[in-house]
Amino acid sequence: MEAWAKDQGTRGSLIELYGDPRSEVTKALNLVLDHPGPMSVLGNPRCKRFSILAQDCKVKALNVAAADDDPAGDDRPEVSMVDKMITDLKAKKDEL
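Bear in mind the structure is a predicted one, so any value in this text is a computation, not a measurement.

K.L.:
Got a minute to help me understand the layout of surface pockets in this structure?
P.N.:
A probe matching the size of a water molecule, rolled over the atoms, marks out where space remains unfilled. Looking at the largest pocket, its volume works out to about 1,600 Å³. What lines the largest pocket is a set of 31 residues, among which Ile15, Glu16, Leu17, Ser51 and Ile52 lie closest to the centre. Broken down by secondary-structure element, the contributors of at least two residues to the lining of the largest pocket are helix H1 (2-8), helix H2 (24-28), strand E3 (50-55), strand E4 (58-64) and helix H4 (82-91). Ranked by residue count, the leading element in the lining of the largest pocket is E3, at five residues. Looking at the lining of the largest pocket, its residues break down into 20 nonpolar, six polar and five charged.

Listed below in structure tokens is the structure:
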């Protein structure tokens, strides 16, 4: 994750990047992507495309790009992207 943070320029910023190699967080959040469509391409279960705004281990906003007609979240990734997170930050600013 350090190399990815360096590549993305997030080192030392507000953004934290985390790995989940055993899918513990993915399972706890019920975000396992195991739909047959994406699985036929990806092979193993993965994590759904999401963004999370958390403070002091409390989830303030959870944005999941997956939908019944788009289990991988490819058609509407903006649901979990930076513009949505900025909107969430502004909406939750009094709580943060």
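From this point, things continue past the structure.
K.L.:
Before we go on, may I ask you to explain the environment of Gln55 in this structure?
P.N.:
When you line up the elements, Gln55 lands in strand E3. The sequence separation of Gln55 and Glu95 amounts to 40 residues, and the corresponding C-alpha distance is 9.2 Å. Sequence-distant contacts of Gln55, that is, excluding residues within four places in its chain, are made with Lys60, Glu95 and Leu96.

K.L.:
Would you mind showing me how to read a nonpolar patch on the surface here?
P.N.:
Together, Ile52, Val59 and Leu62 make up a nonpolar patch on the protein surface, roughly 230 Å² of accessible area in all. Inspection of the secondary structure puts Leu62 in strand E4.

Rules and cut-offs
- Residues numbered from 1 in each chain as written.
- Predicted model: local features only at pLDDT ≥ 70, side-chain atom pairs only at ≥ 80, totals over all residues.
- Heavy atoms only, no water.
- 1 Å grid on protein atoms, 1.4 Å probe; cavity = no way out; pocket = protein on both sides within 12 Å on 5 of 7 lines; lining within 4 Å.
- Points joined across faces, edges and corners; volume = space filled by probe spheres on them.
- Helix = DSSP H or I, 4+ residues; strand = E, 2+ residues; numbered from the N terminus.
- Nonpolar A, V, L, I, M, F, W, Y, C, P; charged D, E, K, R; others polar.
- Contact = heavy atoms within 4.5 Å.
- Patch = residues over 30% accessible without salt bridge, like charges linked within 9 Å, V, L, I, M, F, W, Y side chains within 5 Å.
- Areas by Shrake-Rupley, 256 points an atom, 1.4 Å probe, with all protein chains shown as cover.
- Salt bridge = Lys/Arg side-chain N within 4 Å of Asp/Glu carboxyl O.

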